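The chain contents come next:
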Amino acid sequence: MKENRGKWNSKLGFILATAGSAVGLGNIWKFPGKVGANGGGAFLLTYVIVVALIGFSVMIGELTIGRATHKNAVGAFKQLNKKWTFAGIIGIVALFIILAYYAVVGGWVLKYIFVYLTGANFNGDYGSYFVNFISSPIEPILWDLVFLGLCIFVISKGVTSGIEKVSKVLMPGLFILLVAIAIRSVTFAGASEGLKFMFTFRWSDFTVDMVVAAMGQAFFSLSVGMGILITYGSYLDEKTNLISSAKWICILDTLVAFLAALAIIPSVFVTVGKDGLGMGGGFAFMALPHVFASLPGGIGNIFGLVFFVLLFLAALTSAMSILESLVACVSEEFNISRHKSMSMMFIPLTILSMGYSLSQDPSRNINLPWFDFTNGFQMLAMNAVMEKLTDNVLIPLGALAFCIFIGWVWKSENAIKEIEQEGTVFKFKNVWAFLIRYVVPVAIIVILYFTVIKGVVLS
Ligand code: PHE
């Protein structure tokens, strides 16, 4: 069955939708935790360099493949060179696993919207409230299913009308609110400790693990290495300037991540002190309710509600980009309808989601085997395996395959020809070709060496 492929309505719509994919829980749930765990200033600096040199280059490459072929992540490789179909498949497998856990965290956000709607009673202990909730067996799974259902609903409405409309309203709103929260957070008495931590560069923090963590986070946050941008690029026409679009997406995504860190880290220092930095992923859920509660009058609850609604929409646009890429791939490659491919994926996604959610309570851990060449076989909690497998192995592997394909197989000259259609001038094309052929593959091989061979556990 051939269905009409969608197309973006405008360049702004495309940039916002792609930024909508990039900006999500990764910026607010993961990024501040990584800054905390990997030593403030050194991590921030490394992150910016990685985004500018590596993330941006891979993003340009992915968008180019998409626009050149007008195909999904797997179909695009099939068309350009059949032997490289596996590159698209690596991305699709990563996306499937990510969506399963992304929906669980998206469900946590829904729960917090509900909490703020019903009076926000945390009994003053934001940390225990959060931990008790995520480790309970049934409730998080129900919220996870609501989140997945909403995602399916928007995607079934089609590309342009669904994704573009949501993103156009959401991005500016989220941005403004984050600025306001960051201002509140940095003006707490004692916030300067947190700011000092964030912006002091210490050579001792500059370790291999930190650089590896920065790269993993950059790929996840920019949504590169999984074929999302191939899919989104495939809905573009030849007039769009890929380079300036990619530049704006990287800038927006990084700005939001920095704002989130500014909003969260100083308030962690104020509430639980430096030790709280070890809380990692739960940061947003534990620190921000405290910021909201500190606001005068009843205004904190309104802020809390609006924040979690915007965070939910940011998570939704990211999850939608994942589901859209999966659906485009399954429906086009197996020649079945978009609806049918969504229903085929629903049950396996739900099962994986449940495993992730249930493993939040260490006493009820579902363990899965894990292997690296230094530590051999180990049994690890299912949630850790899902995150490690995607962030540390599949995404870098996908990005590596994409770069080698673009730089050496399809050849960077062909990519540049595609980019420079309709009068687009690509000023730094030689620098880009050098990065995509040499620098990026070497950097990724280094990441893979440390995670797969050395078994570095990233925090
Ligand atoms: N980039 C998104 C975020 O930061 C998450 C995402 C990962 C989206 C993978 C698409 C693919 O939250």
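Check the entry above for the structure.
Everything numeric in this text was worked out from a predicted model, so none of it was measured. (Residues numbered from 1 in each chain as written. Predicted model: local features only at pLDDT ≥ 70, side-chain atom pairs only at ≥ 80, totals over all residues. Heavy atoms only, no water.)

Caption draft 1: Inspection of the environment of Gly-119 at higher detail. Mapped onto the secondary structure, Gly-119 falls in the loop between α5 (85-117) and α6 (126-134). On the basis of relative accessible area, Gly-119 is assigned to the partly exposed category, the value being 42%. Distance in space between the C-alpha atoms of Gly-119 and Asn-301 is 7.4 Å, their sequence separation being 182 residues. (Helix = DSSP H or I, 4+ residues; strand = E, 2+ residues; numbered from the N terminus. Buried < 20%, exposed > 50% of the residue type's maximum accessible area, 1.4 Å probe, protein only.)

Caption draft 2: Expanded view of the site of the ligand. The environment of the ligand is made up of 16 residues, and the closest members are Ala-22, Gly-26, Tyr-102, Phe-220 and Ser-221. The contact in question runs from an oxygen atom of the ligand to an N or O atom on the side chain of Tyr-102, over 2.5 Å. One of the side-chain N or O atoms of Ser-223 is found 3.0 Å from a nitrogen atom in the ligand. Elements with a minimum of two residues in the shell around the ligand: α1 (11-22), α2 (25-37), α5, α10 (208-222) and α14 (299-333). (Near = heavy atom within 4 Å. Polar contact = N/O pair within 3.5 Å; in protein donor to acceptor, adjacent residues only side chain to side chain.)

Caption draft 3: Region of the structure containing the packing of aromatic side chains. Across all of its chains, the model carries 40 aromatic pairs by this definition. A ring pair is formed by Phe-307 and Phe-308, whose centres lie 5.1 Å apart and whose planes are at 80°; its orientation type is edge-to-face. Phe-308 gets classed as buried once you look at its relative accessible area, which sits at 0%. Among the aromatic side chains, those forming a connected cluster through ring pairs are Trp-108, Tyr-112, Tyr-116, Phe-122, Tyr-126, Tyr-129, Phe-130, Phe-285, Phe-292, Phe-307 and Phe-308. Its guanidinium or amino end placed over the ring of Phe-220, Lys-30 lies 3.8 Å from that ring's centre, counting from NZ or CZ. Note that Arg-437 overlies the ring of Trp-408, its terminal NZ or CZ placed 4.0 Å from the centroid. (Phe/Tyr/Trp six-rings, centres within 6.5 Å; stacked < 30°, edge-to-face > 60°. Lys NZ or Arg CZ within 6 Å of the ring centre and 35° of its normal.)

Caption draft 4: A look at unusual backbone geometry. Notably, His-70 is not glycine yet its phi reads approximately 50°, a positive angle. In this fold, His-70 is placed in the loop between α3 (40-69) and α4 (73-80). Of note, Asn-335 is a non-glycine position whose phi angle comes to about 55°, a positive value. Looking at the element boundaries, Asn-335 is found in the loop between α14 and α15 (338-358). Assessed through its relative accessible area of 45%, Asn-335 is described here as partly exposed.

Caption draft 5: Molecular detail of the nonpolar core. In this structure, Phe-285, Phe-307 and Phe-308 are the most contacted members of the largest nonpolar core, which totals 163 residues. The biggest single contributor to this core is α5, with 22 residues. Among all residues touching Phe-308, those that are not within four sequence positions of it are Val-109, Tyr-112, Ile-113, Tyr-116, Ala-284, Phe-285 and Phe-292. (Core = buried A, V, L, I, M, F, W, Y, C linked by side-chain atoms within 4.5 Å. Contact = heavy atoms within 4.5 Å.)

Caption draft 6: Broad picture of the pairing of strand β2 (residues 376-381). Pairing of strand β1 (residues 367-372) with β2, which is carried by six bridges, proceeds in the antiparallel orientation. When the bridges of β2 are listed, Asp-372 appears paired with Gly-376. Turn length for the β1-β2 hairpin, with the two strands adjacent in sequence and antiparallel, is three residues. (Pairing = 2+ DSSP bridges.)

Caption draft 7: The pattern of salt bridges, seen in detail. Scanning the entire structure with this criterion turns up eight salt bridges. Put simply, Glu-324 and Arg-338 hold a salt bridge, and the shortest N to O gap is 2.8 Å. Here Glu-324, found in helix α14, pairs with Arg-338, found in helix α15; they are 14 residues apart in sequence, far enough to count as distant. Like Arg-338, Glu-324 is buried. (Salt bridge = Lys/Arg side-chain N within 4 Å of Asp/Glu carboxyl O.)

All we've got here are geometric facts, nothing functional implied.
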